[in-house]
Amino acid sequence: MSLSRGDLRELYQEVIFDHNRSPRNFHEMEHPDRVAEGHNPLCGDQLTLYVRLDKGVVADASFVGHGCAISTASASLMTEAVKGHTVEEVEALFRDFHALLTDAAPPGRDFGKLEVLAGVKEFPVRVKCATLAWHTLHNALIGAGDPAKTE
Ligand code: ZN
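Quick caveat: nothing in here was measured; it's all calculated off a predicted structure.

Caption draft 1: Spatial organisation of the nonpolar core. Within the largest apolar cluster, 38 residues are counted, with the highest numbers of intra-cluster contacts made by Ile70, Val82, Phe97, Trp134 and Leu137. When contributions to this core are tallied by element, the ones reaching two or more residues are α1 (5-21), β2 (45-54), β3 (57-66), α2 (69-82), α3 (87-102) and α4 (124-142). The greatest single-element share of this core, amounting to 9 residues, is contributed by α4. Excluding residues that lie within four positions of it along the chain, Leu137 makes contacts with Leu49, Val51, Met78, Val82 and Val90.

Caption draft 2: Representation of the coordination of the zinc ion. Protein-derived ligands of the zinc ion are Cys43 (SG), Asp45 (OD), Asp45 (OD), Cys68 (SG) and Cys129 (SG), with the metal-ligand distances lying across 2.2 to 2.6 Å. Here the donor residues for the zinc ion map to a single chain with the spacing C-x1-D-x22-C-x60-C. Of the two residues, Cys43 is situated in the loop between β1 (34-40) and β2 and Cys68 in the loop between β3 and α2; the sequence distance between them amounts to 25 residues. Relative accessible area serves as the criterion here: at 16%, Cys68 is assigned to the buried category.

Caption draft 3: Examining the packing of α1 against α2 more closely. Packing of α1 against α2 leaves a shortest axis separation of 8 Å and a crossing angle of 85°. With respect to each other, α1 and α2 are oriented roughly perpendicular. Residue-level inspection shows Val15, Ile16, His19 and Asn20 of α1 in contact with α2, the latter providing Ala69, Ile70, Thr72, Ala73, Ser76, Leu77 and Glu80. Classifying every residue of the contact of α1 with α2 by side-chain character gives 6 nonpolar, 4 polar and 1 charged.

Caption draft 4: Geometry of the environment of Glu28. Position of Glu28 relative to the elements: it lies in the loop between α1 and β1. Spatially, the C-alpha atom of Glu28 lies 8.2 Å from that of Leu49, the residues being 21 residues apart in sequence. Sequence-distant contacts of Glu28, that is, excluding residues within four places in its chain, are made with Tyr50, Ser62 and Val64.

Caption draft 5: Representation of the layout of surface pockets in the model. Put simply, the largest pocket is a space of about 570 Å³. In terms of lining, the largest pocket is formed by 17 residues, of which the most central are Arg9, Tyr12, Gly119, Val120 and Glu122. Of all the secondary-structure elements, those providing two or more residues to the lining of the largest pocket are α1 and α2. With 6 residues, α1 is the largest single contributor of residues to the lining of the largest pocket. Its residues placed into classes, the lining of the largest pocket shows 10 nonpolar, 2 polar and 5 charged.

Caption draft 6: Quick look at unusual backbone geometry. At Asn25, a position not held by glycine, the phi torsion is positive, near 55°. Looking at where Asn25 falls in the secondary structure, it is placed in the loop between α1 and β1. The residue Lys55 is not glycine, and still its phi comes out positive at about 50°. Its place among the elements puts Lys55 in the loop between β2 and β3.

Rules of the game
- Residues numbered from 1 in each chain as written.
- Predicted model: local features only at pLDDT ≥ 70, side-chain atom pairs only at ≥ 80, totals over all residues.
- Heavy atoms only, no water.
- Core = buried A, V, L, I, M, F, W, Y, C linked by side-chain atoms within 4.5 Å.
- Buried < 20%, exposed > 50% of the residue type's maximum accessible area, 1.4 Å probe, protein only.
- Helix = DSSP H or I, 4+ residues; strand = E, 2+ residues; numbered from the N terminus.
- Contact = heavy atoms within 4.5 Å.
- Donors = N, O, S within 2.8 Å, 3.2 Å for Na, K, Ca; no water.
- Axes fitted to C-alpha atoms, helices over the stretch in contact; angles between N-to-C directions.
- Parallel < 35°, antiparallel > 145°, perpendicular 65-115°, else oblique.
- Nonpolar A, V, L, I, M, F, W, Y, C, P; charged D, E, K, R; others polar.
- 1 Å grid on protein atoms, 1.4 Å probe; cavity = no way out; pocket = protein on both sides within 12 Å on 5 of 7 lines; lining within 4 Å.
- Points joined across faces, edges and corners; volume = space filled by probe spheres on them.

Written out as structure tokens, the structure reads:
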């Protein structure tokens, strides 16, 4: 059975709805190796991201904050997607994910569940909501002290 475009859109919306309603890894972290703040002034999305690193691998990631459905679902999906991956892999995934949302996805890249956010490409303002958690993660990984801004 193949899914029509309409079916697919509905499925994607369900995943986003689910991750917004019950975000995964939504909690503060005790003894994180990295913490970073993110703020998207255009929409009012705000989050704090926690990362635990183990020999260059993202061993754990969690977040708290408040924002629109897209920003919350994206942060939730991101924390699931990056766990167990090296910092280099995570940075590469961010680059490709950003391309998926703004330009064109690199051919052959499997985005898994992150694919559900590809629809925001049609809404440039929403791209900032969907990438806020990733910008914040990037800052956490490079150890930048300044809050991540989507501007
Ligand atoms: Zn937002």
